[in-house]
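Summary of the model geometry
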Amino acid sequence: FIGSSLGYAESKISDYINQNLVHGIGIQKSDKGNKYIASLAIENMISTIKSYSNVAIDYSPHISLGLQLNMRQLGNSMIFNYIILNNYYDELIISTKTQIKEIIDLYMAKSFYLLSKDSTINQSIFDKLSFGIDINLNPYQFNCGMQYHKDYGFIAGTSLTINIR
């Protein structure tokens with residue numbers, strides 16, 4: 001399976017406004033029974049539309065390698081993502097997905113930075129801990145999530161995806 005995504009992102013804090021186009025492309029391959037799914041993606045390809053900031057923001061693309069293990073219980077998965085970040089620490093994300101209704105999935109994830117010289121970066125179990133919900137009303141998909149980051153507090157985000165086939 002080969003796929004691509006194109007999105008629009010906007011953030012506004014006081015007088016600061018940033019608008020971007022976000023693009024990603026990836027491939028995934030599964031075994032015959034869909035028990036194992038491997039993926040490779042290039043993500044975070046960003047083009048700035050409008051920025052009212054005097055600070056240069058580095059939007060380097062990154063490569064994501066993934067492995068999803070689908071459990072015997074329908075709708076339950078464990079996912080491992082290894083993200084190769086340019087000019088920063090590589091990141092390992094371990095997440096679980098649980099389907100509670102046919103259209104509702106719950107997610108929980110924990111991120112770890114690898115190869116870090118900063119001994120405090122992975123000390124808190126709560127740092128980079130995330131929770132989310134996905135509601136899939138085909139062709140519309142609504143996502144909402146929250147992550148705790150020790151330097152910034154809670155970060156929340158939402159998205160609406162329209163699947164086009």
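Since this is a predicted model, take the numbers as computed values, not measurements. (Residues numbered from 1 in each chain as written. Predicted model: local features only at pLDDT ≥ 70, side-chain atom pairs only at ≥ 80, totals over all residues. Heavy atoms only, no water.)

Negative phi values dominate among residues other than glycine, just as trans dominates among peptide bonds. A cis amide bond links asparagine 138 with the next residue in sequence, proline 139, at an omega value of 10 degrees. You can see proline 139 is positioned in the loop between strand S8 (129-137) and strand S9 (140-149). In this structure, asparagine 44 is a non-glycine residue whose phi angle is positive, near 65 degrees. Following the sequence through the fold, asparagine 44 ends up in strand S3 (residues 36-51). Residue asparagine 44 is classed as partly exposed on the basis of its relative accessible area of 25%. The backbone phi angle of lysine 128 is positive, close to 65 degrees, even though this residue is not glycine. Secondary-structure assignment places lysine 128 in the loop between strand S7 (104-113) and S8. A relative accessible area of 9% places lysine 128 in the buried class. (Helix = DSSP H or I, 4+ residues; strand = E, 2+ residues; numbered from the N terminus. Buried < 20%, exposed > 50% of the residue type's maximum accessible area, 1.4 Å probe, protein only.)

Once that is clear, we can look at the environment of glutamate 10. Residue position: glutamate 10 is located in strand S1 (residues 2-13). For the pair formed by glutamate 10 and isoleucine 49, sequence separation is 39 residues and the distance between their alpha carbons is 9.7 Å. Contact partners of glutamate 10, with chain neighbours within four places excluded, come to Asn18 and Gln19. Reaching out from glutamate 10, the side chain makes a polar contact with the side chain of tyrosine 8 at a distance of 2.7 Å. A distance of 2.9 Å separates the side chain of glutamate 10 from the side chain of glutamine 19, its partner in a polar contact. (Contact = heavy atoms within 4.5 Å. Polar contact = N/O pair within 3.5 Å; in protein donor to acceptor, adjacent residues only side chain to side chain.)

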